[in-house]
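# Structural features, examined
Below are the chains, spelled out letter by letter.
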Amino acid sequence: MTQRFQAPRGTQDVLPAMQPYWKAITTAAEEVTRLYGFQRIDTPVFEYAALFEKGSGDTTDVVEKEMYVFEDRGGEHLALTPEGTPAICRAYLEHGMASWPQPVRLFTTHPMFRYDRPQKGRYRQHTQVDCEILGSPDPLVDAEVIELLWRIYERLGIRNVVVRLGSIDDPEPRRTYVERLKDYYRPHLDQLSPDSQRRFERNPLRLLDSKDERDLPLKEGAPKPVETLSAPAQEHHDMVCKALEAVGINYIVDPLLVRGLDYYNRTVFEITPLDDERAQSTIGAGGRYDGLIEILGGPPTPAVGFGSGIERIILEMQRNGVELPAGHRIDAFIVHMSPSAHAVAFRLGGELRAAGIATQLGESGRSMKSQMRSANAASARLAIILGEDEVAAGTAVVKRLDTGEQATIQMADVVAQVQEAVSADPDAILQGGGSRDS
RNA sequence: GUGGGCGUAGCGUAGCGGUUAACGCGUCAGGUUGUGGCCCUGAAGAUCGAGGGUUCAAAUCCCUCCGUCCACCCCA
């Protein structure tokens, strides 16, 4: 048992039964992003590790303790993508997208890797829908990416979620804010939880979203970033709010919202379920990162974007009671009994498939009953029966599995007849599901 | 990295010191002459996560390890 291979910790197989969810999500992402003028980009699964060390910030947890880094045979220092934004910015620079019409709108679905302890909604490999708008400082595009993400969820049947919106200002005013925050906490350091004492040194902003009871009293009176914004950031934030109101997005300004990546400025947001207090319930998050492209060696280029975890979206869909049946359904199932029928069956199968008809063959040598059972299990619409008699007569028996009626027809007419029977009721094929009424 | 729960056939479970480890679902095969779904019968499938210990006897008790799930940190 222990000798048998298992998927590595924190990874998972997406089995056929779950594929409809993946398909629904990627389709929704493709369709909605198209409506917003996005184009698809695909970046490599691994990049130079330095891209993330510089871009995401080498003191962030994502880079410092979670990145899958390795050296290849040529001694290159590489990393499995831990997050998408720096990779897309790299592509923007590498391909001179600054000379495309601005802003550039890109989306992708991409696997992400983080060496983390797995738990519900957290995996070492997960997949994100990622959207970025590069080259615009306009607060309206902040609102636009939020709206876009909202619409994707809406299409997928996710209802009870809320946008938590915050602003962490620009780097300069944020530095003075962080000093104020530290001044506020400094006299009370010994009352804080050990985690928060560490946060005080490493990432003071995180003090604001501590869940530890010992930190709650102080948290209340702490200065909040959204309440002390610089004038330009305030104006920006107000405009994002107004735009979201104009399109009826359910959002709240969350003064405690901070994000773990260094490159964010001004707008930050998360979308979370309203009725789920779990830790990993955030299904999508993002923000503005006007400084990132410059950090990566490019010209100052304002940009905004988000990532949303497909695995978490699926969990949320299921919590919302969205059920997608497995779509396995076959049009025709060829039952062939005698040795003389095998080759005929095989050729007919090829002809049917060439005509666009999903066709499966029974297993050679199995009894007719067994093959009919297989036809049923495959949710076939038609069974095509080939025995010694039919082969000798140059005919086939075509049987509808829903009504049970059947007819003997000339071999030469089988493809046309099957095509007609199948196209007569296209819905049944499209819907799939293999449901049986009993 | 820290803390807690759980590990019995493909899946879900029962058994919690004592003869060949049970049940449901699933799989395969049958239920007479070439016909599915329901039903019936049968079969295959488990070194009871691994290693060690206690005992006349261990799936059942103890220890270690591994795996998994949940929470913290952090994140989608």
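Residues numbered from 1 in each chain as written. Chains lettered and ligands numbered in written order. Predicted model: local features only at pLDDT ≥ 70, side-chain atom pairs only at ≥ 80, totals over all residues. Heavy atoms only, no water.

### What to know about the pattern of salt bridges
- In the structure shown here, the tally under the stated rule is 22 salt bridges.
- Arg105 is the partner of Glu144 in a salt bridge, and the nearest nitrogen-oxygen pair spans 3.2 Å. A residue pair is termed long-range when its members are at least 10 positions apart, and Glu144 in helix α5 (residues 139-155) and Arg105 in strand β5 (residues 104-113) qualify at 39 residues.
- Here Arg105 falls in the buried class, since its relative accessible area comes to 17%.
- Through salt bridges with shared partners, a single network forms among Glu47, Arg90 and Glu94. (Salt bridge = Lys/Arg side-chain N within 4 Å of Asp/Glu carboxyl O. Helix = DSSP H or I, 4+ residues; strand = E, 2+ residues; numbered from the N terminus. Buried < 20%, exposed > 50% of the residue type's maximum accessible area, 1.4 Å probe, protein only.)

### With respect to the protein's contact with RNA strand B
- Around RNA strand B sit 53 residues, and of these Arg114, Arg122, Gly260, Asp389 and Leu401 come closest.
- Close to the protein, within 4 Å, the atoms of RNA strand B belong to sugar or phosphate groups at a rate of 54%.
- Arg259 is positioned such that a nitrogen or oxygen atom in its side chain is 2.6 Å from a phosphate oxygen of RNA strand B.
- In the environment of RNA strand B, a base oxygen lies 2.6 Å from a nitrogen or oxygen atom belonging to the side chain of Arg373.
- Of all the elements in the fold, those that place two or more residues in the surface near RNA strand B are β6 (125-134), α7 (194-202), β10 (284-288), β11 (303-309), α13 (368-377) and α14 (388-393).
- At six residues, the largest contribution of residues to the surface near RNA strand B is made by α13.
- Taken together, the residues of the surface near RNA strand B sort by class into eleven nonpolar, 17 polar and 25 charged. (Near = heavy atom within 4 Å. Polar contact = N/O pair within 3.5 Å; in protein donor to acceptor, adjacent residues only side chain to side chain. Nonpolar A, V, L, I, M, F, W, Y, C, P; charged D, E, K, R; others polar.)

### Comments concerning the nonpolar core
- Counting residues in hydrophobic clusters, the biggest one holds 42 residues, and the most contacted among them are Phe269 and Ile271.
- Counting residues per element, the ones that place at least two in this core are α1 (19-35), β6, α5, β7 (161-167), α9 (231-246), β9 (265-273), β11 and α11 (310-319).
- With nine residues, the single largest contributor to this core is α5.
- Of all hydrophobic cores here, the second largest spans 27 residues; its members include Ala49, Val62, Tyr289 and Leu296. (Core = buried A, V, L, I, M, F, W, Y, C linked by side-chain atoms within 4.5 Å.)

### Description of the sheet that holds strand β2 (residues 46-48)
- Pairing within the open sheet is antiparallel, and its three strands lie in the order β2-β4-β3. A single partner strand is all that each edge strand has here, and the edge strands are β2 and β3 (69-71). For this sheet, the mean angle separating the axes of adjacent strands, direction not counted, is 35 degrees.
- The pairing of β2 with strand β4 (residues 77-80) spans three bridges and is antiparallel. (Pairing = 2+ DSSP bridges. Axes fitted to C-alpha atoms, helices over the stretch in contact; angles between N-to-C directions.)

### Re the sheet that holds strand β14 (residues 382-386)
- Pairing is mixed across the open sheet formed by five strands, whose spatial order is β13-β12-β14-β15-β16. The sheet terminates laterally at β13 (359-361) and β16 (406-410), the two strands that pair on one side only. Looking at each pair of strands side by side, their axes are set apart by 25 degrees on average, direction ignored.
- Relative to β13, strand β12 (residues 332-336) runs parallel, the two sharing three bridges. Opposite Phe333, over in β13, you have Gln360 as the bridge partner.
- Docked against the sheet, α13 engages β12, β14 and β15 (395-400), running at close to 170 degrees with respect to β12.
- Sitting on the sheet, helix α15 (residues 414-423) is in contact with β12, β14, β15 and β16, with an inclination near 160 degrees to β14. (Contact = heavy atoms within 4.5 Å.)

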